[in-house]
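Spelled out from the first residue to the last, the chains are:
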Amino acid sequence: MHNLVLAQYLVTALSSAFNACYFFGYRSSTRRRRIGAIVLGVVSIGIFIESVFFGFFALFQGQQWAFEFFFNQSYWFAARLLICLGSLAISVLILRRLVSNRR
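Residues numbered from 1 in each chain as written. Predicted model: local features only at pLDDT ≥ 70, side-chain atom pairs only at ≥ 80, totals over all residues. Heavy atoms only, no water.

J.: How should I be thinking about the overall build of the protein chain in this particular structure?
T.: Of the regular secondary structure elements, the protein chain holds four helices and zero strands. Along its sequence from the N terminus, the protein chain presents helices and strands in the succession α-α-α-α. Expressed as a percentage of its 103 residues, the buried residues of the protein chain come to 32%. Considering only contacts within the protein chain whose residues lie at least 6 apart along the sequence, 73% involve residues at least 24 apart. A total accessible area of about 7,100 Å² is found for the protein chain, and carbon and sulfur atoms account for 69% of it. (Helix = DSSP H or I, 4+ residues; strand = E, 2+ residues; numbered from the N terminus. Buried < 20%, exposed > 50% of the residue type's maximum accessible area, 1.4 Å probe, protein only. Contact = heavy atoms within 4.5 Å. Areas by Shrake-Rupley, 256 points an atom, 1.4 Å probe, with all protein chains shown as cover.)

J.: Honestly, the packing of aromatic side chains in this entry has me stumped. Any pointers?
T.: For any two aromatic rings, the description comes down to two numbers: the centre-to-centre distance and the angle of the planes. Tallying each qualifying case throughout the model produces three aromatic pairs. Aromatic pair Tyr-22 and Tyr-26: ring centres 6.1 Å apart, planes at 55 degrees, arrangement tilted. Considered together, Tyr-22 and Tyr-26 belong to a single accessibility category, that of buried residues. (Phe/Tyr/Trp six-rings, centres within 6.5 Å; stacked < 30°, edge-to-face > 60°.)

J.: What should I look at first to understand the nonpolar core in this one?
T.: Inside soluble globular proteins, nonpolar side chains tend to come together where they are buried. Ranked by size, the top nonpolar core spans five residues in total: Tyr-22, Phe-23, Tyr-26, Ala-37 and Ile-94. Not counting residues up to four positions away in its chain, the partners in contact with Tyr-22 are Ile-94, Arg-97 and Leu-98. (Core = buried A, V, L, I, M, F, W, Y, C linked by side-chain atoms within 4.5 Å.)

J.: How should I be thinking about a nonpolar patch on the surface in this particular structure?
T.: Together, Phe-24, Ile-38, Val-42, Ile-45, Phe-48 and Ile-49 make up a nonpolar patch on the protein surface, roughly 510 Å² of accessible area in all. Mapped onto the secondary structure, Phe-24 falls in helix H1 (residues 2-24). (Patch = residues over 30% accessible without salt bridge, like charges linked within 9 Å, V, L, I, M, F, W, Y side chains within 5 Å. Salt bridge = Lys/Arg side-chain N within 4 Å of Asp/Glu carboxyl O.)

J.: What should I look at first to understand the side chain of Ser-15 in this one?
T.: Mapped onto the fold, Ser-15 is located in helix H1. According to the relative accessible area criterion, Ser-15 is buried, its value standing at 6%.

In structure tokens, the structure reads:
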């Protein structure tokens with residue numbers, strides 16, 4: 001379970017970094033869309049920082065102490081799953097848009 005949690009942090013960090021790069025590079029003539037992209041970029045950076053911080057915490061503190069602090073591995077994994085899936089869903093939407101624009 002420890003490796004699964006670490007993999008989840010890695011996937012979340014990578015997808016949120018990708019999302020942030022896309023949103024901070026987004027250009028639109030509509031002010032409303034530019035502001036929305038900036039907000040989503042900031043949220044993505046927040047998810048990235050949180051995932052990297054807790055991922056390194058879990059990696060370097062060792063399995064027993066780190067996960068005793070977070071009570072239970074399975075509960076922690078379930079709580080983080082929604083954040084990971086949300087970040088991946090945003091990545092899928094971005095990739096879909098980028099692929100459709102190339103046609």
